[in-house]
Amino acid sequence: MATLEALGWNSFFAEQARRFPGLAPARVTVEHKHFYRVVVECGEMRAEVAGRLRHQATGRDGFPAVGDWVLVQPRPLEKRATIHRILDRRSKLSRKAAGLETQEQILVANINTVFLLQSLNRDFNPRRLERYLTMAWDSGANPVVLLTKLDLCRDVRPFLDQVEVVAAGVPVHALSAITGDGLESIDPYLGIGQSVVMLGSSGVGKSTLVNHLAGAHLLEVGEIRYDDDRGRHTTAQRQLILLPRGGIVIDTPGMRELQPWAAGLDGTFADVEDLARECRFRDCKHEAEPGCRVRTALQEGILDAARFHSYRKLGAELKYLERRRDAVAMAQEKEKWKKIHKAYNRMMRERGR
Ligand code: GDP
Ligand code: ZN
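This one's a predicted model, so the numbers in the text were calculated from it and none came from an experiment.

About the cut-offs
Residues numbered from 1 in each chain as written. Chains lettered and ligands numbered in written order. Predicted model: local features only at pLDDT ≥ 70, side-chain atom pairs only at ≥ 80, totals over all residues. Heavy atoms only, no water. Near = heavy atom within 4 Å. Polar contact = N/O pair within 3.5 Å; in protein donor to acceptor, adjacent residues only side chain to side chain. Areas by Shrake-Rupley, 256 points an atom, 1.4 Å probe, with all protein chains shown as cover. Nonpolar A, V, L, I, M, F, W, Y, C, P; charged D, E, K, R; others polar. Donors = N, O, S within 2.8 Å, 3.2 Å for Na, K, Ca; no water. Tetrahedral: all angles 85-135°; square planar, octahedral: opposite > 155°, others 65-115°. Buried < 20%, exposed > 50% of the residue type's maximum accessible area, 1.4 Å probe, protein only. Pairing = 2+ DSSP bridges. Helix = DSSP H or I, 4+ residues; strand = E, 2+ residues; numbered from the N terminus. Axes fitted to C-alpha atoms, helices over the stretch in contact; angles between N-to-C directions. Core = buried A, V, L, I, M, F, W, Y, C linked by side-chain atoms within 4.5 Å. Domains from an automatic or database assignment. Contact = heavy atoms within 4.5 Å. Salt bridge = Lys/Arg side-chain N within 4 Å of Asp/Glu carboxyl O. Phe/Tyr/Trp six-rings, centres within 6.5 Å; stacked < 30°, edge-to-face > 60°. pLDDT = per-residue confidence, 0-100.

Caption draft 1: Region of the structure containing the site of ligand 1. Lining the immediate environment of ligand 1, one finds 14 residues, of which Asp151, Gly203, Lys206, Ser207 and Thr208 sit closest. Interatomic distance of 3.3 Å between a side-chain N/O atom of Ser176 and an oxygen atom of ligand 1. A distance of 2.7 Å is found between an oxygen atom of ligand 1 and a backbone nitrogen or oxygen belonging to Gly203. In the complex, the protein chains occlude 69% of the 580 Å² of accessible area that ligand 1 would expose alone. Class assignment for the residues of the shell around ligand 1 results in four nonpolar, seven polar and three charged.

What follows is the structure in structure tokens.
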């Protein structure tokens with residue numbers, strides 16, 4: 001059985017847990033609709049959220065997510081546990097939840113590194129990389145670009161140059177999961193207790209890489225069977241994989257198609273923002289304003305036109321999300337007051353009787 005440290009437990013979490021000596025630490029490995037799987041020191045078990053925690057939760061981020069460290073009351077004989085607290089998260093990768101309301105959905109929590117994968121053949125797309133980068137920066141984890149299928153590429157240099165333009169200062173590694181070339185470059189991110197996620201389009205080589213890293217343990221990490229509510233066996237994908245050499249790969253189903261969630265543009269577009277700060281007007285839209293530094297940088301070729309375009313596009317998308325979120329918040333506030341008024345009116349009526 002894995003130690004808590006191998007699963008990513010450290011002083012940041014231990015410090016928080018000290019206040020609750022009666023509860024045991026556990027890490028969430030799978031999220032189902034109505035229950036979770038967690039690992040505790042004595043093994044893996046099924047866990048449910050305590051009623052009190054459920055009532056206190058204001059949004060979806062008040063519920064556990066895969067990768068979360070939680071405090072549970074285990075019942076080892078039944079192989080069940082009740083989740084009483086979610087420990088503060090070190091990082092979280094979120095997306096806009098599906099549906100009409102804009103709600104934050106945490107895909108994974110407490111990751112150290114976000115691997116952004118693009119293949120060195122057809123999938124390579126700097127614009128898409130920018131979008132993933134923005135999400136990665138926003139998660140609080142460190143982004144690392146992995147250029148896959150090195151064996152299919154004659155000259156990596158032009159790819160590296162393009163990555164450098166959109167991801168200045170971010171580590172970039174080219175590798176092949178087939179030949180093994182370059183694989184050693186990702187070792188430093190996979191130390192004991194280090195959690196990583198892999199983001200990238202379908203076909204880019206994520207599973208191949210994970211399988212390679214998992215090696216002979218592959219059979220253990222594949223599909224395993226769980227008891228569902230009615231005692232039937234269901235098949236579920238394990239979402240947290242402990243690598244034999246240390247390191248933890250987290251892969252949730254929701255990670256496949258992502259939308260940027262109110263990510264700050266800072267970081268990914270630091271170069272554009274630096275230029276924008278030199279515009280004469282603080283609210284410069286970089287359209288026809290006099291003294292616009294961004295426009296001159298475009299004319300001088302200092303700023304890449306395609307890059308500026310995606311900055312604008314992403315900016316517009318995020319603003320749209322923000323507006324929608326404000327609208328949802330306003331509706332919720334209205335709903336709350338409606339309830340208060342109703343209760344008040346009822347009370348007055350009852351008094352009048
Ligand atoms: P995923 O959808 O991101 O998980 O991608 P897969 O791991 O399923 O890989 C998609 C295809 O790319 C498969 O046919 C793999 O065999 C192939 N592939 C993955 N990694 C490499 C690589 O390093 N080199 C080559 N030539 N093919 C690869
Ligand atoms: Zn401007």
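That covers the picture; the talk isn't over yet.
Caption draft 2: Quick peek at the coordination of the zinc ion (ligand 2). Taken together, Cys279 (SG), Cys284 (SG), His286 (ND1) and Cys292 (SG) make up the protein donors of the zinc ion (ligand 2), found 2.1 to 2.4 Å from the metal. One can describe the donor arrangement at the zinc ion (ligand 2) as tetrahedral, given that its four donor atoms subtend angles of 104 to 116° at the metal. Taken in sequence order, the residues that donate to the zinc ion (ligand 2) follow the motif C-x4-C-x1-H-x5-C. With relative accessibility at 8%, the residue Cys279 sits in the buried group.

Caption draft 3: Region of interest: the sheet that holds strand S2 (residues 36-40). Around the barrel, five strands lie side by side as S1-S2-S3-S5-S4; this closed barrel has mixed pairing. For this sheet, the mean inter-axis angle between neighbouring strands, taken without regard to orientation, is 50°. Note that strand S1 (residues 24-31) and S2 share four bridges and pair antiparallel. Following the sheet pairing, Val28 is matched in S2 by Val38.

Caption draft 4: Quick look at the nonpolar core. With 42 residues, the main nonpolar core has Ile111, Val114, Leu116 and Ile250 as its most contacted residues. With five residues, the top contributor of residues to this core is helix H3 (residues 126-139). A domain split of this core shows at least three residues from each of domain 1 (11-86) and domain 2 (92-251). Setting aside residues up to four positions removed in sequence, Leu116 forms contacts with Leu129, Tyr132, Leu133, Ala136, Pro143, Val144, Val145, Leu146 and Leu199.

Caption draft 5: Spotlight on the pattern of salt bridges. Within this structure, the stated rule accounts for eleven salt bridges. Put simply, Glu15 and Arg18 hold a salt bridge, and the shortest N to O gap is 3.3 Å. Residue class for Glu15 comes out partly exposed when judged on its relative accessible area of 47%. Between Arg307 and Glu130 there is a salt bridge; the shortest N-O distance is 2.6 Å. Placement of Arg307 in helix H9 (residues 305-352) and of Glu130 in helix H3 is noted, with a sequence separation of 177 residues between them.

Caption draft 6: The arrangement of the pairing of S2 in detail. Counting buried positions along S2 gives five out of five residues, so the element sits mostly inside the fold. On S2, burial covers both faces: Tyr36, Val38 and Val40 on one face and Arg37 and Val39 on the other are all buried. Following S1, the chain reverses through four residues before pairing antiparallel with S2. Examined bridge by bridge, S2 and strand S3 (residues 43-49) share five bridges and lie antiparallel to one another. Paired with Tyr36 across the strands is Ala47, a residue of S3. Adjacent in sequence and paired antiparallel, S2 and S3 are bridged by two residues.

Caption draft 7: Quick look at the packing of aromatic side chains. A full pass over the atoms with the stated rule returns seven aromatic pairs. Relative to Phe159, the ring of Phe124 lies with its centre 4.9 Å away and its plane at 90°, an arrangement referred to as edge-to-face. Of this pair, Phe124 sits in the loop between strand S8 (113-119) and H3 while Phe159 sits in helix H4 (residues 157-166); the two residues are 35 residues apart in sequence, bridging distant segments of the chain. Phe159 carries the same exposure label as Phe124, and that label is buried. These aromatic residues form a ring-pair network of at least three members: Trp9, Phe12, Phe13 and Trp69.

Caption draft 8: Broad picture of the sheet that holds strand S10 (residues 172-174). Taken in spatial order, the six strands line up as S10-S9-S8-S11-S15-S14 in an open sheet, and their pairing is mixed. Strands with a single pairing partner mark the edges of an open sheet, and in this sheet they are S10 and strand S14 (240-242). Pairwise comparison of adjacent strand axes, ignoring direction, gives a mean angle of 25° for this sheet. Seen against the sheet, H4 touches strand S9 (142-148) and S10 and runs at an angle of roughly 155° to S9.

Caption draft 9: Quick look at the confidence of the model for the protein. Here the protein averages 82 in pLDDT, while 79% of its residues score no lower than 70. Looking across the protein, the model is least confident in helix H6 (residues 218-221), with a mean pLDDT of 40, and most confident in S10, with 97. In this model, residues 217-236 is a region of pLDDT below 50 whose contacts with residues beyond four sequence positions or in other chains number 36 contacts.

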